[in-house]
Amino acid sequence: ARALEKFLSWCETRKAPLRVFFTPWGEALTQRRYQQALTRLSQLPHVEKVAIQTNLSARLDFLETCDPKKVGIWATYHPDWTKEDRFVEQTERLRAKGVSFSVGVVGFPKFRSALDSLRQRLPSDVYVWVNAVKSSDASYTDDDLAHFASVDPLFPLNNARHPSLGRACAGGHTVISVDGDGVARSCHFIKA
């Protein structure tokens, strides 16, 4: 809570435009302090967007106090952890409040039928992404690859390992990653 408050205070003192994306390790949106953080940041004139990664398990009443044009939700559906009906209901609440959101599923082949069912139940204008699993023990068949790409046309890009060493990157220039201790890094994935 102290680290988040320190970060929010820093955001409030900035004059330049900001975009903030919370990618917590765990489900932060169930915590009132993160709900209040989205509200606070969305009301600042220099904050262009504030978004959070979530599984939509939290109540969404707090959105009543947010500027819905500035809030974004990156909703990950975990078929093993939540009921599809509840998840879809939550997306309907987001739509009713005018909050932009995308929906995705971790690209495990065992989730293919859950992904298909979710895609059918969501309006066609809701982007549904598939987060490629790139661990050494994950492997996709040609059928898996084609199936995921049929739902998410950008899946092949996400599934590729892109060479980046020595290439142009906004990390540390227009993008930074800040951890709970307030340590700023040039990239979410690089600990240096």
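Above this text sits the structure in question.
Each value, and the rule that gives it
- Residues numbered from 1 in each chain as written.
- Predicted model: local features only at pLDDT ≥ 70, side-chain atom pairs only at ≥ 80, totals over all residues.
- Heavy atoms only, no water.
- Helix = DSSP H or I, 4+ residues; strand = E, 2+ residues; numbered from the N terminus.
- Expected span 1.5 Å × (residues − 1).
- Buried < 20%, exposed > 50% of the residue type's maximum accessible area, 1.4 Å probe, protein only.
- Arc of directions from axis to C-beta.
- Contact = heavy atoms within 4.5 Å.
- Axes fitted to C-alpha atoms, helices over the stretch in contact; angles between N-to-C directions.
- Left-handed = near helix turned anticlockwise from the far one by under 90°.
- Nonpolar A, V, L, I, M, F, W, Y, C, P; charged D, E, K, R; others polar.
- Phe/Tyr/Trp six-rings, centres within 6.5 Å; stacked < 30°, edge-to-face > 60°.
- Parallel < 35°, antiparallel > 145°, perpendicular 65-115°, else oblique.
- Salt bridge = Lys/Arg side-chain N within 4 Å of Asp/Glu carboxyl O.

A. Main features of helix α1 (residues 2–13). Its 12 residues give α1 an end-to-end C-alpha distance of 17 Å, which sits within 8% of 16 Å, the value for a rise of 1.5 Å per residue. For α1, the complete set of buried residues consists of Leu4, Phe7, Leu8 and Cys11. Viewed along the axis of α1, the buried residues span an arc of 100°, placing them on a single side of the element. Within α1, the exposed residues directed more than 90 degrees away from the buried face are Arg2 and Lys6. Along its buried surface, α1 packs onto β1 (18–22), α2 (32–42) and β6 (177–178).

B. Structural detail: the packing of helix α3 (residues 84–97) against helix α4 (residues 112–121). Their axes nearest at 11 Å, the elements α3 and α4 cross at an angle of 35°. In this structure, the crossing between α3 and α4 has a hand that is right-handed. Along the contact surface, α3 presents Glu84, Asp85, Phe87 and Val88, while α4 presents Ala114, Ser117, Leu118 and Arg121. Taken together, the residues of the contact of α3 with α4 break down into four nonpolar, one polar and three charged.

C. Highlighting the packing of aromatic side chains. Scanning the entire structure with this criterion turns up 10 aromatic pairs. Between Tyr140 and Phe155 the ring centres are 5.7 Å apart and the planes differ by 80°, which places this aromatic pair in the edge-to-face class. Of this pair, Tyr140 sits in the loop between β5 (128–131) and α5 (142–151) while Phe155 is found in helix α6 (residues 155–159), placing the two residues 15 residues apart along the sequence. Comparing Tyr140 with Phe155 shows no difference in burial state: the two are buried. Members of the aromatic cluster, joined through ring pairs, are Phe7, Trp10, Phe22 and Tyr34.

D. Representation of the packing of α1 against α2 within the structure. Two elements in contact, α1 and α2, have axes whose closest approach is 11 Å; the angle formed by their N-to-C orientations is 0°. Relative to α2, the element α1 is oriented roughly parallel. Every residue of α2 that contacts α1 at Leu4, Glu5, Leu8, Ser9, Cys11 and Glu12 is listed here: Arg33, Tyr34, Ala37, Arg40 and Leu41. Here the contact of α1 with α2 is composed, by residue class, of six nonpolar, one polar and four charged.

E. Spatial organisation of the pattern of salt bridges. For the structure on display, the rule yields 13 salt bridges. Where Asp67 meets Lys69, a salt bridge forms, and the shortest distance between an N and an O atom there is 3.4 Å. One salt-bridge network, in which partners are shared between bridges, spans Glu5, Glu12 and Arg40.

Distances and angles like these do not, on their own, reveal function.
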